[in-house]
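Fold and contact review
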Amino acid sequence: MKKVLFCVFVLFSINVFSQNTVLNTLRILYFEASYNEQKMDSLSLIVGNEINSNNVFFAYQGATQVMKAKYTYNPISQFSYLKKGVSILNQAIFKDSTNFEIHFLRFAVEHHIPSFLGFSTHLQTDKKFLLNNLDKIELMKITTQFGNYLYDFLKISNRFTIN
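Note that the structure is predicted; figures quoted are calculated from it, not measured.

**A short note on the pattern of salt bridges**
Tallying each qualifying case throughout the model produces three salt bridges. Between Lys39 and Glu32 there is a salt bridge, and its shortest N-O distance comes to 3.5 Å. With relative accessibility at 31%, the residue Lys39 sits in the partly exposed group. Owing to a relative accessible area of 14%, Glu32 belongs among the buried residues under this scheme. Arg106 serves as the salt-bridge partner of Asp126, at 2.8 Å between the closest nitrogen and oxygen. One end of the pair, Asp126, is in helix 6 (residues 123-132); the other, Arg106, is in helix 5 (residues 100-112), and 20 residues separate them in sequence. The exposure classification of Asp126 matches that of Arg106, with both residues buried.

Written as structure tokens, this is what we have:
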């Protein structure tokens, strides 16, 4: 019985460690992919090949779809990636509406989408959520590097002013 419990514990620990490792990799690649197409290709491979039920991972799948539009020249393909990615992000929020990171991803994505396309409808909602839940960043167990990326983005987005 002890051996069975030990095996279950080890398998569970490996799974949790694996998920955290994949998420930390996604977090870093997401920011690097915003200015490096090769990193985008790596990010796309990870989210395309990994089967994961984690809502944060699901949100990164959506954010990756949107980012693919940046590196695609065909306007129809761009719009298709954008529409699919925004839909996935909205589904992720619906599944886990209290998750800081998912709201941050949707905010970051919508920040870069031109408003005339009509996909930037949650900026104020997500901004309010992020400001009201800054204390939850600690619960995300993020790396210092990702924390710096997150802070820098919020700072340079110019959307977090007093107004």
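**Thoughts on the nonpolar core**
Counting residues in hydrophobic clusters, the biggest one holds 42 residues, and the most contacted among them are Leu26, Tyr30 and Phe104. Only helix 1 (2-33), helix 2 (37-49), helix 3 (55-70), helix 4 (75-95), helix 5, helix 6 and helix 7 (144-156) provide two or more residues apiece to this core. Every residue in contact with Phe104, bar those within four places of it in the chain, is listed here: Phe31, Leu130, Leu150, Phe153 and Leu154.

**Remarks on the packing of helix 4 against helix 5**
Running from amino to carboxyl end, helix 4 crosses helix 5 at an angle of 155°, the nearest separation of the two axes being 9 Å. In terms of orientation, helix 4 and helix 5 fall into the roughly antiparallel class. Here helix 4 runs over helix 5; the crossing is left-handed. Contact with helix 4, carried on its side by Leu89, Asn90, Ala92 and Ile93, involves Ile102, His103, Leu105, Arg106 and Val109 of helix 5 and no other residues of that element. Residues belonging to the contact of helix 4 with helix 5 are distributed by class as follows: six nonpolar, two polar and one charged.

**Some points on the environment of Ile137**
You can see Ile137 is positioned in the loop between helix 6 and helix 7. A sequence separation of 38 residues divides Ile137 from Asn99, and the C-alpha atoms of the two residues are 9.7 Å apart. Aside from chain neighbours lying at most four places away, what touches Ile137 is Phe100, Ile142 and Leu150.

**Looking at the packing of helix 3 against helix 4**
Where helix 3 contacts helix 4, the axes come no closer than 7 Å and their chain directions differ by 160°. For the element pair helix 3 / helix 4, the angle class is roughly antiparallel. For the pair helix 3 and helix 4, the crossing hand works out as left-handed. Counting all contacts with helix 3, which are made through Asn55, Phe58, Ala59, Gln61, Gly62, Ala63, Gln65, Val66, Lys68 and Ala69, the residues of helix 4 involved are Gln78, Tyr81, Leu82, Lys84, Gly85, Val86, Ile88, Leu89, Gln91, Ala92 and Lys95. Residues that form the contact of helix 3 with helix 4 fall into these classes: 11 nonpolar, seven polar and three charged.

**Focus on helix 4**
Compared with an ideal rise of 1.5 Å per residue, which puts 21 residues at 30 Å, helix 4 spans 30 Å between its outermost C-alpha atoms and is within 8% of the ideal. If you check which residues of helix 4 are buried, you get Leu82, Gly85, Val86, Ile88, Leu89, Ala92 and Ile93. End-on view of helix 4: buried residues confined to an arc of 160°, all on one side of the axis. With respect to the buried face of helix 4, the exposed residues turned more than 90 degrees away are Ile76, Lys83, Phe94 and Lys95. Those residues of helix 4 hidden inside the fold are in contact with helix 3 and helix 5. By the N-cap criterion, in which a side-chain oxygen at the helix start approaches the backbone nitrogen of a residue two or three places on, helix 4 is capped by Asn74, the distance to Ile76 being 2.8 Å.

Scoring rules and cut-offs
Residues numbered from 1 in each chain as written. Predicted model: local features only at pLDDT ≥ 70, side-chain atom pairs only at ≥ 80, totals over all residues. Heavy atoms only, no water. Salt bridge = Lys/Arg side-chain N within 4 Å of Asp/Glu carboxyl O. Buried < 20%, exposed > 50% of the residue type's maximum accessible area, 1.4 Å probe, protein only. Helix = DSSP H or I, 4+ residues; strand = E, 2+ residues; numbered from the N terminus. Core = buried A, V, L, I, M, F, W, Y, C linked by side-chain atoms within 4.5 Å. Contact = heavy atoms within 4.5 Å. Axes fitted to C-alpha atoms, helices over the stretch in contact; angles between N-to-C directions. Parallel < 35°, antiparallel > 145°, perpendicular 65-115°, else oblique. Left-handed = near helix turned anticlockwise from the far one by under 90°. Nonpolar A, V, L, I, M, F, W, Y, C, P; charged D, E, K, R; others polar. Expected span 1.5 Å × (residues − 1). Arc of directions from axis to C-beta. Polar contact = N/O pair within 3.5 Å; in protein donor to acceptor, adjacent residues only side chain to side chain.

Don't take any of this as a statement about function, it's just geometry.
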